[in-house]
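Chain by chain, the residues:
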Amino acid sequence: MASNYYSAQIKQCIGLGARNQSRHVKMIHGNIIRTLLHPETFLYNNIVHAYAVVRSSTYARRVFDGIPQPNLFSWNNLLLAYSKSGHLSEMERTFEKLPDRDGVTWNVLIEGYSLSGLVGSAVKAYNTMMKDFSSNLTRVTLMTMLKLSSSNGHVSLGRQIHGQVIKLGFDSYLLVGSPLLDMYAKVGFISDAKKVFYGLDDRNTVMYNSLMGGLLACGMIEDALQLFRGMQKDSVSWSAMIKGLVQNGLEKEAIECFREMKIEGLKMDQYPFGSVLPACGGLGAINEGKQIHACIIRTNLQDHIYVGSALIDMYCKCKLLHCAKTVFDRMKQKNVVSWTAMVVGYGQTGRAEEAVKIFLDMQRNGIDPDHYTLGQAVSACANIASLEEGSQFHGKAITSGLIHYVTVSNSLVTLYGKCGDIDDSTRLFNEMNVRDEVSWTAMVSAYAQFGRAIEAIQLFDKMVQHGLKPDGVTLTGVISACSRAGLVEKGQRYFELMINEYGIVPSNGHYSCMIDLFSRSGRLEEAMCFINKMPFPPDAIGWTTLLSACRNKCNLEIGKWAAESLIELDPHHPAGYTLLSSIYASKGKWDCVAQLRRGMKEKNVRKEPGQSWIKWKGKLHSFSADDESNPYSDQIYAKLEELNEKIIGNGYKPDTSFVHHDVEEAVKIKMLNYHSERLAIAFGLIFVPSGLPIRVGKNLRVCVDCHNATKHISSVTGREILVRDAVRFHRFKDGTCSCGDFW
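All figures in this text were calculated on a predicted structure; none of them were measured in a lab. (Residues numbered from 1 in each chain as written. Predicted model: local features only at pLDDT ≥ 70, side-chain atom pairs only at ≥ 80, totals over all residues. Heavy atoms only, no water.)

### A few points about the sheet that holds strand S3 (residues 694-698)
Inclusion rule: Strands are treated as partners if at least two bridges between them are detected by DSSP. Only runs of H or I of at least four residues qualify as helices and only runs of E of at least two qualify as strands under DSSP, and these elements are numbered from the N terminus. Residue contacts are defined here by distance: any two heavy atoms, one from each residue, within 4.5 Å place the two residues in contact. Axis definition: a line fitted to C-alpha atoms, over the contacting stretch in the case of helices. Angles run 0 to 180 degrees between N-to-C directions.
Read from one edge to the other, the open sheet built from six strands follows the order S2-S1-S3-S4-S5-S6, with strand pairing classed as mixed. Since the sheet does not close on itself, it has two edges, and those belong to strand S2 (619-623) and strand S6 (736-737), each with one partner. Note: strand S1 (residues 612-616) against S2, five bridges, orientation antiparallel. Bridge pairing in S2 places Ser612 opposite Phe623. Running over the sheet, helix H40 (residues 704-717) touches strand S4 (721-724), strand S5 (729-733) and S6 and is turned about 35 degrees from S5.

The structure is reproduced here in structure tokens:
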């Protein structure tokens, strides 16, 4: 009687999936030891099985060793303990010691290999069984092999097993048909999945869900909806439909589906919430998101990791980072998904420095990043051109082995490209064993931003030769490369290829690249003609690009047209006023300059102040023009005076044509001397050791005079100076710039 009581307790503990299962099993085991002197073998077997389920192979072995006369059930349960805990060498040794084997024995062995991802070993064991012990084959064996084929995408193996299923007459069994259907659905073989589905006499909800999931994954929305409407639905069905609609870009329909589920009165678990929240985030539907959040609180699921992570992601995508942080801080348990949601959220909303801090906090809390999290952290460093932290994360990628993931390697290629270290970017790209479209695009963009147009074009052509199809981002990179090198005809050819060969509909970004292509080369009339032929007017970036070129070429007529168009599009965009003002100033039309400034004041339009920065010893030092707020200002200004004397002696002549003030020439020259980038460069010359390059960032385009001055500074100091402005990278060395004075 006592043995039956304890067996029932063990089965109940495991069957209910109770929390802390291992602790409960040990408590029951302890009670058995205290109350039963000689437990029966079947009770021993149940204890070994329980420890196997909770993946405690050590305790399973101890109990097994205490069985006076272990039978085949005892051996199979011990084998299961090693199988589930991943101790494959012990599993294999135990398998060899077995005095007898049945179908369960082989199933456990095959499943052990399958759980550890050793497809080849699982197939070898299956083939051995089929050859020498085919009488041990069961439906469970076939189900295990089909699940293995499904989870690893091995269609050919799955088809072989399917053939054996039919040959052995198991094709009408639900236990085999369900994983067979699931396999075909997951790999996108929908016609085969349908044949299996409609070939079965009995179909359960799991099978309906599998077929529906496959249809949604293949974008067959109408077929999936038709199946969904006619089936007996459970919570999994609704969650799968909501998730599938989101994945197909039908966020509104997903939210409506969630509402219908609520009306049906089904009990809500974590899955529907986790499926619908990405729809709210994708639409920026914060009101719906907050309503769902309230529903989550009412159902007491706010502490669930899956739901909490989805809430964080939703609030981040709606740009309500304070709400995301509140949810995060209140979570009792956090895993890598929760932390990743915060890193991604902050990184993708322009708060990259905080994203990096969150990543570091995550590690301090003992959470190891996965490849996606690390890739996002590196991307955050790339967005703020933080080579210092990015290099540390590179080291983490190497020591953890995550460097072999293409997502991590891609982000590192981008990091070094955006930080101006084009040589390391190229080296990493060449060392990658596997490259996808993102890898090639990252390298093309890096070459383009660094002004190495020929390499960008050659790499693009090589990408196409490798059979990879470029996307819109890749084409933006290669057209930008042509633009920055003055290769107008080549850029036009790539634009035509994009439309005619690759079937990509040009976006505003592509049209802005083409405007830049013509404008940079001084072909302003062609740029104007191109704009007039566009299917829609340029955005602010397109008009600003043309207007900036008009300022550089002092073309008042086209510049005025571009400025008026920009002001009409966005009356509060400062570029329409400041760039046109610059053209007027270059022509001495000070009355027009004054009129534009009055217009800015009346409309409360403010020009974005120029800012430059340099990072040293983990601290970011920012400068604006004539800035004296830095604690080392005296040293910086003294260094500038010293540099000014040296570069004048080296042939530097100040260019005051872009000083927009009606003042004396001497005053204009003095104003040029204290531009923000020069203050940052002086700081670097004082503090950055001579063996290292000086890295400066700037939020606006480097002016002509500062560009010229920096070339001379690199010459007289013998230092390499990297300046990343709003347009591109400039590498100043030995009196020359990587852009070839074409920017």
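### Focus on the pattern of salt bridges
As a reminder, the rule being used: We define a salt bridge as a side-chain nitrogen of Lys or Arg found within 4 Å of a carboxyl oxygen belonging to Asp or Glu. Burial classification: accessible surface area is computed with a 1.4 Å probe over protein chains only, and a residue below 20% of its type maximum counts as buried, one above 50% as exposed, and the rest as partly exposed.
Scanning all chains against the criterion turns up 22 salt bridges. Of the charged contacts, one joins Lys325 and Asp329 as a salt bridge, the two residues approaching to 2.8 Å between their closest N and O atoms. Residue Lys325 and its partner Asp329 are both found in helix H20 (residues 321-330); the two are separated by four residues, about one turn of the helix. Lys325 sits in the partly exposed class, given a relative accessible area of 40%. Under the relative-accessibility criterion, Asp329 is labelled partly exposed at 46%. A salt bridge links Glu489 to Arg523, with the shortest nitrogen-to-oxygen separation between them at 3.1 Å. Remark: Arg523 occurs in the loop between helix H31 (508-520) and helix H32 (524-533) and Glu489 occurs in helix H30 (residues 488-500); sequence separation between them is 34 residues.

### Section: the UniProt feature "repeat: PPR" (unreviewed entry) in the chain
Selection criterion: UniProt positions are given in the numbering used here, feature names are shortened, and annotations may be inferred rather than shown by experiment.
According to UniProt, the positions carrying the feature "repeat: PPR" (unreviewed entry) are residues 71-105, 234-268, 335-369, 436-470 and 471-506. Counting secondary structure, residues 234-268 comes out at 77% helix and 0% strand; the distance between its end C-alpha atoms is 10 Å. When the span residues 335-369 is considered, its composition is 71% helix and 0% strand, and the gap between its end C-alpha atoms is 10 Å.

### Concerning the pairing of S1
Within a regular strand, side chains alternate between the sheet's two faces. Count of turn residues in the S1/S2 antiparallel hairpin: two residues, of which Lys617 carries a positive phi of about 55 degrees. Bridging between S1 and S3 involves two bridges; their strand directions are antiparallel. Along S3, the bridge assignment pairs Ser612 with Lys698.

### Examining the packing of helix H25 (residues 406-418) against helix H26 (residues 422-431)
We apply this condition: Should an angle lie under 35 degrees it is considered roughly parallel, over 145 roughly antiparallel, and from 65 to 115 roughly perpendicular; all remaining angles are considered oblique. By definition, turning the near helix anticlockwise from the far helix through less than a right angle yields a left-handed crossing, and turning it clockwise yields a right-handed one.
One can describe the packing of H25 onto H26 by two numbers: an axis separation of 7 Å at closest approach and a directional angle of 165 degrees. In this view, H25 runs roughly antiparallel relative to H26, as classed from their interaxial angle. You can see that H25 and H26 cross each other, and the crossing is left-handed. In contact with Leu412, Val413, Tyr416 and Gly417 of H25, H26 contributes Ile422, Asp424, Ser425, Leu428 and Phe429.

### Structural notes on the packing of aromatic side chains
Filter applied, for reference: Each Phe, Tyr or Trp ring, with Trp reduced to its six-membered ring, pairs with another whose centre is within 6.5 Å; inter-plane angles below 30 degrees give stacked pairs, above 60 give edge-to-face pairs, and intermediate values give tilted ones. We count a charge as sitting over a ring when the NZ of a lysine or the CZ of an arginine lies within 6 Å of the ring centre and within 35 degrees of the ring normal.
Summed over all chains, the structure comprises 22 aromatic pairs. Considering the side-chain rings of Phe359 and Phe393, the 4.8 Å spacing of their centres and the 70 degrees angle between planes classify their relative orientation as edge-to-face. Remark: Phe393 occurs in helix H24 (residues 387-400) and Phe359 occurs in helix H22 (residues 352-364); sequence separation between them is 34 residues. Phe393 gets classed as buried once you look at its relative accessible area, which sits at 2%. Counting every residue linked through ring pairs, the aromatic cluster contains Phe495, Tyr511, Phe518, Phe530 and Phe536. Across from the ring centre of Phe95, 4.0 Å away, lies the NZ or CZ of Arg101, which sits over that ring. Above the ring of Tyr494, the side-chain terminus of Arg493 is found at 4.7 Å from the ring centroid.

### Some details on the environment of Arg701
Tracing the backbone shows Arg701 in the loop between S3 and H40. The exposure class assigned to Arg701 is partly exposed, which follows from its relative accessible area of 21%. In this structure the C-alpha to C-alpha distance between Arg701 and Gly610, which are 91 residues apart in sequence, comes to 8.9 Å.

### Describing helix H29 (residues 472-485)
Residues spaced three or four apart along an α-helix face the same direction, because each turn holds 3.6 residues. Which entries qualify depends on this criterion: Under the convention used throughout, the expected extent of a helix is 1.5 Å for every residue step, that is, one less than its residue count. Here a polar contact means two N or O atoms within 3.5 Å. Within protein one must be a hydrogen donor candidate and the other an acceptor candidate, and residues neighboring in sequence count only if both atoms are side-chain atoms.
Under the 1.5 Å per step criterion, the end-to-end length of H29 is 20 Å for 14 residues, consistent within 8% with the ideal 20 Å. Buried residues along H29 sit against helix H27 (437-449), helix H28 (453-465), H30 and H31. If you check the start of H29, you find a side-chain oxygen 3.1 Å away from the backbone N of Val473, and it comes from Asp471. Of the residues one or two after H29, Gly486 is the one with positive phi, at around 75 degrees.

### Notes on the side chain of Ser239
Mapped onto the elements, Ser239 comes out in helix H15 (residues 235-247). Sequence-distant contacts of Ser239, defined by excluding residues within four places in its chain, comprise Tyr271, Pro272 and Ser275.

### Observations regarding the domain arrangement of the chain
Spelled out, the test is: An automatic or database domain assignment supplies the start and end points of every domain.
Domain assignment breaks the chain into domain 1 (509-607) and domain 2 (612-737). Domain 1 and domain 2 are separated by 27 Å when their C-alpha centres are compared.

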